[in-house]
Amino acid sequence: MSFLKIENVSRHFGSLVAVDGVTMTVEKGECRAVIGPNGAGKTTFFNLITGMLDLTSGRVLLEDQDLAGIKPSARVRMGMARTFQITEIFPDLSVRENIRIPVEIAAGLHLAPKIPARLQAPIRERIDALLEEGGLTRIAGRYAGELSHGDQRACEIMMALALNPRLLLLDEPTAGMGDDETHAVARLIKRIHGDQNLTIVLIEHDMRVVFNLADKITVLEQGRPLAEGTPAEITANAEVQAAYLGGAA
Ligand SMILES: Nc1ncnc2c1ncn2[C@@H]1O[C@H](COP(=O)(O)OP(=O)(O)OP(=O)(O)O)[C@@H](O)[C@H]1O
C-alpha cells in the first residue's frame, strides 16, 4: 500500500487549467520535492492534497482511503499538516504560546477553559520538547512577530509538528531567506524527517535545498508532470534541463 497516492488530478479555474492530470505516489517516510517554474501549479496542487481546493477530476488517497468530500480540518485530524508560502504564526504571542496552541489542540483541549491538573506537566513537557527540537528554546519568550524570517519558519514548522502529523506539506519553506537562514531551515527539515520517519512533501525553489533533502523530485510545468525521479535522475534529465534547470532555476 502506498502512503499518499495522487491519481490523475486536475484543477481548472474557468478556462485556465492550473493542474492538468498529475499522478504521484509518495511512500511512507519519503521526502518528496515538487519543483517547477512560477505558475506551474505547485501551490494549487498542494491545495488539492489538503482539500483547500476541490478537484476538478482525479483522486487523492491517503493509505488507500479516498479523501473525496473530506474537509481540510478533518484531513489535519487524519495526520496531514502543512505550512504556507507566507508564514502563518500569531505575531503578538510568544513563541512558547504559539507552540502551546497546537499542542493543546492535539491533546483535544483547545476549547477547554482550564487544563486539567494531570495534563499540565505532559503539555509543558511536550512544548519544551518541540521548542528544543526546533532550536527555539533560547527565544521561547519572545514575540513571534519580532523574530527573524528563519526563526518564524522554524516556529511554524514546529507548530505543524505539534499536531503529530504523519504527512507534512511544506510550501516554499525557505522563501525569501538568505543563505544562513535557508541552511538552518533545511537542517531542521532534515532532522525532523530523520528523527520521526515523517513523510514530507515540499515545494521549493532553492535547488540546493531540494537536492539536499529530497529522496525524489516531481517536476511540474504548466500544470503538467514533466518528470519524476531521484535528484541524480532529474539532474540528468534533458527535458528538465531545457525547460527548467538551465533557465528558471
Ligand atoms: N484561485 C485561483 N483562481 C484563478 N486562477 C488561479 C487561482 N489559483 C491559482 N491560479 C492560477 O493557476 C496557475 C498556477 O498557480 P499556482 O499558484 O498553483 O502556481 P505555483 O507553481 O505555485 O506558482 P509560484 O511558484 O509562483 O508560487 C497560475 O496561472 C495562477 O494564476
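Definitions and cut-offs
- Residues numbered from 1 in each chain as written.
- Predicted model: local features only at pLDDT ≥ 70, side-chain atom pairs only at ≥ 80, totals over all residues.
- Heavy atoms only, no water.
- Helix = DSSP H or I, 4+ residues; strand = E, 2+ residues; numbered from the N terminus.
- Rg over C-alpha atoms; globule rule 2.2 N^0.38 Å.
- Contact = heavy atoms within 4.5 Å.
- Lys, Arg positive; Asp, Glu negative; His and termini not counted.
- Charge placed at Lys NZ, Arg CZ, Asp CG, Glu CD.
- Core = buried A, V, L, I, M, F, W, Y, C linked by side-chain atoms within 4.5 Å.
- Buried < 20%, exposed > 50% of the residue type's maximum accessible area, 1.4 Å probe, protein only.
- Salt bridge = Lys/Arg side-chain N within 4 Å of Asp/Glu carboxyl O.
- Near = heavy atom within 4 Å.
- Polar contact = N/O pair within 3.5 Å; in protein donor to acceptor, adjacent residues only side chain to side chain.
- Nonpolar A, V, L, I, M, F, W, Y, C, P; charged D, E, K, R; others polar.
- Expected span 1.5 Å × (residues − 1).

Visitor: Looking at this model, I keep getting lost on the overall build of the protein. Mind explaining?
Guide: When you go through the protein residue by residue, the secondary structure sums to nine helices and ten strands. Relative to the compact-globule value of 18 Å for 249 residues, the protein shows a C-alpha radius of gyration of 18 Å, a close match. Principal-axis analysis of the C-alpha atoms places the extent of the protein at approximately 60 × 40 × 35 Å. Looking at the protein alone, contacts between residues at least 24 apart form 69% of all its contacts between residues at least 6 apart. In the protein, the 26 positive side-chain charges and the 32 negative ones have mean positions that sit 5 Å from each other.

Visitor: Would you explain the nonpolar core in this entry?
Guide: Nonpolar side chains in soluble globular proteins generally cluster together in the buried interior. Membership of the largest hydrophobic core comes to 51 residues, with the highest contact counts inside it found for I99, L136, L168 and V219. In terms of residue count, helix α5 (residues 149-161) provides more of this core than any other element does, seven residues in total. Once residues lying within four places of it in the same chain are set aside, the contact partners of L168 are A81, A160, L161, I192, L198, T199, I200 and V201. With 25 residues, the next largest nonpolar core counts F45, V60, L67 and I203 among its residues.

Visitor: I tried to follow the pattern of salt bridges on my own but got confused; where do I start?
Guide: For side chains of opposite charge, pairing can occur when their charged atoms come near one another. Counted by the stated rule, this structure contains 16 salt bridges. With its nearest N and O atoms 2.4 Å apart, the salt bridge here joins E63 to R166. With E63 in the loop between β4 (57-62) and β5 (65-66) and R166 in the loop between α5 and β7 (167-171), this residue pair connects regions lying 103 residues apart in the sequence. Exposure remark for E63: the relative accessible area of 29% places this residue in the partly exposed category. Relative accessible area serves as the criterion here: at 28%, R166 is assigned to the partly exposed category.

Visitor: Would you take a moment to explain the site of the ligand for this structure?
Guide: If you check the shell around the ligand, you find 14 residues, and the closest are G39, G41, K42, T43 and T44. One nitrogen or oxygen atom from the side chain of K42 is found 2.8 Å from an oxygen atom belonging to the ligand. Between T43 and the ligand, the recorded distance is 2.8 Å, taken from a backbone N or O atom to an oxygen atom. Elements with a contribution of two residues or more to the shell around the ligand: β2 (16-26) and α1 (42-50). Here the shell around the ligand gets three residues from one element, more than from any other, and that element is α1. Grouping the amino acids of the shell around the ligand by side-chain chemistry returns five nonpolar, seven polar and two charged.

Visitor: What exactly am I supposed to notice about helix α3 (residues 95-106) here?
Guide: Since one α-helical turn is 3.6 residues long, residues separated by three or four positions face the same way. Over its twelve residues, α3 extends 17 Å from the first C-alpha to the last, a length consistent with the 16 Å expected when each residue adds 1.5 Å. Among all positions of α3, only V95, N98, I99, P102, V103 and E104 are buried. The inward-facing, buried residues of α3 contact α4 (117-133) and α5. Backbone geometry just after α3 places G108 at a positive phi near 75°.

Visitor: What exactly am I supposed to notice about unusual backbone geometry here?
Guide: Of all residues except glycine, most have a negative phi; of all peptide bonds, most are trans. You will see that E63, though not glycine, has its phi angle at about 45°, which is positive. If you check the backbone angles, D64 has positive phi at about 75° while not being a glycine. Within the fold, D64 resides in the loop between β4 and β5.

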